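An overview of the molecular structure
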Amino acid sequence: MVVVPMTAGHLTRLRLQPAQAVLAPLVAEPGYGAMLAEAGPAFAGLCGDRVVGCAGVVRLTAQRGHAWALLACDAGHSLTAIHRAVVGFLAHQRMRRIETAVDAEFAAGHRWARMLGFECEGLMRAYGPDGRDAHLYARTRD
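Conventions used here
Residues numbered from 1 in each chain as written. Predicted model: local features only at pLDDT ≥ 70, side-chain atom pairs only at ≥ 80, totals over all residues. Heavy atoms only, no water. Helix = DSSP H or I, 4+ residues; strand = E, 2+ residues; numbered from the N terminus. Expected span 1.5 Å × (residues − 1). Buried < 20%, exposed > 50% of the residue type's maximum accessible area, 1.4 Å probe, protein only. Arc of directions from axis to C-beta. Pairing = 2+ DSSP bridges. Axes fitted to C-alpha atoms, helices over the stretch in contact; angles between N-to-C directions. Contact = heavy atoms within 4.5 Å. Phe/Tyr/Trp six-rings, centres within 6.5 Å; stacked < 30°, edge-to-face > 60°. Lys NZ or Arg CZ within 6 Å of the ring centre and 35° of its normal. Polar contact = N/O pair within 3.5 Å; in protein donor to acceptor, adjacent residues only side chain to side chain.

What to know about helix α4 (residues 79-91)
The end-to-end C-alpha distance of α4, which contains 13 residues, comes to 18 Å, matching closely the 18 Å that a straight helix rising 1.5 Å per residue would cover. Ile82, His83, Ala85, Val86, Phe89 and Leu90 are the residues of α4 that are buried. Here the buried residues of α4 occupy an arc of 165° about the axis, which is enough to place them on one side.

As C-alpha cells, this is what we get:
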C-alpha cells in the first residue's frame, strides 16, 4: 500500500465497506471530498490504482480535531498497513484533543478506535445521517 495526500478524486473511487454504506450518499455529494481534503490533513491508501481507504482530521479549532476514516469493501488485505499509516498519521498531529465517532453497532470500529488510543467518552443519540446512535471517542495529549 502506498500512502499519498488525499484529493477529492480519491473519495469518488472508494467503494465503502458495508459497515459504512450508510455514508455513501454523503460521500457522493459534490464537494464533500474536496471539503475533507481541505478541512485538515488527510491521506489516501492506494493498492495499485485502487483506493483502499481515506483518513484524516478535520480541524475544529487550533487544538481540537475530528478524526475520520473511510475504508473500502475490499480493504481487508490492507488492514495492517492501513492501521500503521493511521498510527503514524495520528502521532504527528499536534492538536491537544482529537475526537472520533463510531456507530454504536460497529464492533470492529470500536476495537480499532481503542487500538488507536482513543477512549470512549459516551453515547451520542441520533448522531448518524440515518439517526443511528454513535459513541464519542477522544485521545488527548498534555
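A look at the sheet that holds strand β7 (residues 134-140)
A sheet is described by the order of its strands in space; here seven strands give the open sequence β1-β2-β3-β4-β5-β7-β6, paired in mixed fashion. Only two strands of the sheet have a single partner each, and these edge strands are β1 (2-5) and β6 (119-124). Sheet twist, expressed as the mean angle between neighbouring strand axes with direction ignored, is 25°. As paired strands, β6 and β7 are joined by five bridges and run antiparallel to one another. When the bridges of β7 are listed, Met124 appears paired with Ala134. Relative to strand β3 (residues 50-61), α4 is tilted by about 20°, and along the sheet it contacts β1, β2 (42-47), β3, β4 (64-71), β5 (97-103) and β7.

Concerning the packing of aromatic side chains
Overall, the coordinates contain one aromatic pair when judged by the stated rule. Ring centres of Phe43 and Phe89 lie 5.2 Å apart, and the angle between their planes is 55°; on these two criteria the pair is classed as tilted. Here Phe43 is found in strand β2, whereas its partner Phe89 is found in helix α4, with 46 residues between them in sequence. In this pair, the class of Phe43 matches that of Phe89, namely buried. Over the face of the ring belonging to Phe118 we find Arg139, whose NZ or CZ atom lies 5.8 Å from the ring centre.

Some thoughts on the side chain of Gln93
When you line up the elements, Gln93 lands in the loop between α4 and β5. A distance of 3.1 Å separates the side chain of Gln93 from the backbone oxygen of Phe89, its partner in a polar contact. When residues no more than four places from it in sequence are discounted, the contact partners of Gln93 are Pro41, Val57, Ile98 and Arg141.

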